[in-house]
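Listed below are the residues making up each chain.
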Amino acid sequence: MTPPAFGSLTPETLALFTDRYELTMMQGYVRQEHNPEATFSLFFRSLPTDRGYVVAAGLEQALAAVTELSFGDRALAHLDDAGFDAAFLAYLDSFAFSGEVRAVPEGTVVFPNEPLVEVTAPLAEAQLFETILLNQLGFQSLVATKAARMRDVVERHGDAATLVDFGSRRAHGVDAGLKAARAASVGGFDGTSNVAAGEAFGVPTYGTMAHSWVQSFATERDAFTAFVDEYGDDSVLLIDTYDTVAGAELAREVAAEAGVDLQGVRLDSGDLVALSKRVAEVLPDVDLFISSGMDEYAIQEFLEHGGVGDGFGPGTALTTSKDAPALDVVYKLVAVERDGELRPSMKLSSGKATYPGPKRVGRVERDGEFVRDVLGRRDDDGAGRDLLVTVVDDGELVYDCPPLDEIRETTRRNVAALPAAVRTLRDPATYEVAVSDGLAAETEALRRRLESGS
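Everything numeric in this text was worked out from a predicted model, so none of it was measured.

Considerations on the overall build of the protein chain
Part 1: In terms of regular secondary structure, the protein chain is built from 17 helices and 19 strands.
Part 2: The principal-axis extents of the C-alpha atoms in the protein chain amount to approximately 85 × 60 × 35 Å.
Part 3: Burial statistics for the protein chain: of 454 residues in total, 52% are counted as buried.
Part 4: Considering only residue pairs separated by 6 or more positions, the protein chain has 73% of its internal contacts joining residues 24 or more positions apart.
Part 5: A total of about 20500 Å² of accessible surface is found on the protein chain, and carbon and sulfur atoms cover 47% of it.

Pasting the structure below:
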């Protein structure tokens, strides 16, 4: 049988998107009748290079995985072939999440050691979701953060220029391309070039023309005339196939002859700062869209050097988060039931120690600016508003995921409320995340007990 072109995941096999050791442990828990209540916390230990913050994204997909995941016949047949026993397969056949999930809403800025998600459920249930939660939240948060940095640059330097995701063709797979388009919207992008993302998530889609359109006609004039004939005032002409300035002049002539007001022109090569200035002189009332090698650094440099751009189309750098392609997200057991009581748990590994127990993340604000966060125990009275909200209770979704435009506004408010030094693109200042007295005392007491072997 020929494998499906885009992989074999279907709703009935999505449950297999996990690492085998999760299922190995789950089978052991079930067979050993060792299935206490447990809490897992998903967080990252450190910020990527030149990142002062991370924008939380991907919660909607994570919640769908937790609340809708089930093992279909095809998945169970594969696990049977893989050697899992009949009793465990029977357990999986009736699998349904029964626990609680707390999470920070999408668009919230977060920092090291702060939970993006906490899952409390019978151990075998909570264990299963490690891989898919890390996958969905980690990747989308990376892309949303990079997008938010670009939006922040154009807000501060570029008169709120349009930002459009052009990167799906170089994303690391079909799903990555779709989720990157969504995450870019979370981070503040206005749309995407990818039509499937538009259908899946309601993201506005944008498109112009490729160089191949121009090259396929006998002359550049013929190419522009045909495009304008088709799309009229909505036309955006790519003017750098041969000579950018001559292309701008020709675009002006063709539009005048057709009696249309061009929506815009696109520049995709050359000295973009110098060329954009010259094109703006030729077409002073036409939007200039810049789409070559764009990221937050390039956009900032372009604008600071006087480049003229009404819109930008970042691609590869965005969808791969090229300068920071990985977020050190982890999913760690922080509490487990013993003698009928949920008790804190922690790792002591060098460089990988964890804070024990379910958490509260308090955010302290003053005059509309974030001052510091306080990481504490869930039952702390701590300062500031708690960022974690209950999104799943007793296995049921109790949270209405907001539409993308609302999430995008949440991101904008969060980034704007950060101290300016934390928002800078290079060598950002460290935002303060304090540890509450209660959590510090609990951590130290548990560390001593574990080191003593008690």
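Digging into the sheet that holds strand β11 (residues 311–312)
Part 1: The six strands lie next to each other as β7-β6-β11-β10-β9-β8, forming an open sheet whose pairing is parallel. Of all the strands in the sheet, just β7 (191–192) and β8 (236–238) have a single pairing partner and so form its edges.
Part 2: Pairing analysis gives two bridges linking strand β6 (residues 162–165) to β11, with the strands arranged parallel. Across the sheet, the residue bridging to L163 is F312, located in β11.

Thoughts on the pairing of strand β5 (residues 117–122)
Part 1: Counting buried positions along β5 gives six out of six residues, so the element sits mostly inside the fold.
Part 2: Strand direction decides the pairing type here: strand β1 (residues 37–44) and β5, joined by six bridges, are antiparallel. When the bridges of β5 are listed, S41 appears paired with E118.
Part 3: Two elements, strand β3 (residues 100–103) and β5, share four bridges in a ladder whose sense is antiparallel. The residue bridging E100 from the neighbouring strand is T120, located in β5.

With respect to the nonpolar core
Part 1: Core analysis: the largest hydrophobic core is formed by 66 residues, its most contacted members being Y53, L237, I239, V265, I299 and F312.
Part 2: Once residues within four sequence positions are removed from consideration, F312 is found in contact with V154, A161, T162, L163, V164, F289, I290, M294, I299, F302 and L303.
Part 3: With 55 residues, the next largest nonpolar core counts V66, F95, I132 and Y331 among its residues.

Re a negative patch on the surface
Part 1: Together, D233, D234, D261 and D285 give the surface a local cluster of negative charge.
Part 2: In this fold, D233 is placed in the loop between α10 (220–231) and β8.

Comments concerning a nonpolar patch on the surface
Part 1: There is a patch of nonpolar side chains on the surface, built from L9, L14 and F17 and spanning about 230 Å² of accessible area.
Part 2: The topology assignment puts L14 in the segment before α1 (20–31).

Regarding the packing of α1 against helix α4 (residues 86–93)
Part 1: Viewed as axis vectors pointing N to C, α1 and α4 meet at an angle of 100°, and their least axial separation amounts to 10 Å. Here α1 lies roughly perpendicular to α4, going by the angle between them. Two secondary-structure elements touch here, α1 through L23, M26, Q27 and V30 and α4 through F88, Y91 and L92.
Part 2: Here the contact of α1 with α4 is built from residues that sort into six nonpolar, one polar and no charged.

Some words on the side chain of E100
Part 1: Among the secondary structure elements, E100 is positioned in strand β3.
Part 2: Take E100: its relative accessible area is 15%, and that puts it in the buried class.

Here's the deal with the environment of F88
Part 1: Structurally, the position occupied by F88 is in helix α4.
Part 2: When the C-alpha atoms of F88 and A197 are compared, they prove to be 37 Å apart, with 109 residues separating the residues in sequence.
Part 3: The residues touching F88, leaving out its near neighbours within four places in the chain, are L23, M26, Q27 and V30.

Focus: the packing of helix α2 (residues 59–68) against helix α6 (residues 130–157)
Part 1: Put simply, α2 and α6 touch, their axes get as near as 9 Å, and they point 170° apart. When the interaxial angle is binned, α2 and α6 end up roughly antiparallel. Across from L59, Q61, A62, A65 and V66 in α2, the residues of α6 making contact are I132, L133, Q136, L137 and Q140.
Part 2: Here the contact of α2 with α6 is built from residues that sort into seven nonpolar, three polar and no charged.

A short note on α4
Part 1: All buried positions along α4 are accounted for by F88, L89 and L92. The buried side chains of α4 occupy one side of the element, clustering within an arc of 100° when seen end-on. For α4, the exposed residues lying more than 90 degrees away from the buried face are A86 and A87.
Part 2: Buried residues in α4 make contact with α1 and α3 (73–81).
Part 3: Taking the backbone nitrogen of A87 as reference, a side-chain oxygen 3.3 Å away marks D85 as the first, capping residue of α4.

Section: the pattern of salt bridges
Part 1: If you walk through the whole model with that rule in mind, you get 29 salt bridges.
Part 2: The residue E296 makes a salt bridge to R149 at a minimum N-O spacing of 2.7 Å. Placement of the pair is E296 in helix α13 (residues 296–304) and R149 in helix α6, with a sequence separation of 147 residues. The burial state of E296 is the same as that of R149; both residues are buried.
Part 3: Within the structure, one salt-bridge network assembled from shared partners comprises R51, K146, R149, E296 and D323.

Parameters at a glance
Residues numbered from 1 in each chain as written. Predicted model: local features only at pLDDT ≥ 70, side-chain atom pairs only at ≥ 80, totals over all residues. Heavy atoms only, no water. Helix = DSSP H or I, 4+ residues; strand = E, 2+ residues; numbered from the N terminus. Buried < 20%, exposed > 50% of the residue type's maximum accessible area, 1.4 Å probe, protein only. Contact = heavy atoms within 4.5 Å. Areas by Shrake-Rupley, 256 points an atom, 1.4 Å probe, with all protein chains shown as cover. Pairing = 2+ DSSP bridges. Core = buried A, V, L, I, M, F, W, Y, C linked by side-chain atoms within 4.5 Å. Patch = residues over 30% accessible without salt bridge, like charges linked within 9 Å, V, L, I, M, F, W, Y side chains within 5 Å. Salt bridge = Lys/Arg side-chain N within 4 Å of Asp/Glu carboxyl O. Lys, Arg positive; Asp, Glu negative; His and termini not counted. Charge placed at Lys NZ, Arg CZ, Asp CG, Glu CD. Axes fitted to C-alpha atoms, helices over the stretch in contact; angles between N-to-C directions. Parallel < 35°, antiparallel > 145°, perpendicular 65-115°, else oblique. Nonpolar A, V, L, I, M, F, W, Y, C, P; charged D, E, K, R; others polar. Arc of directions from axis to C-beta. Polar contact = N/O pair within 3.5 Å; in protein donor to acceptor, adjacent residues only side chain to side chain.

Purely geometric stuff here, so don't read any function into it on its own.
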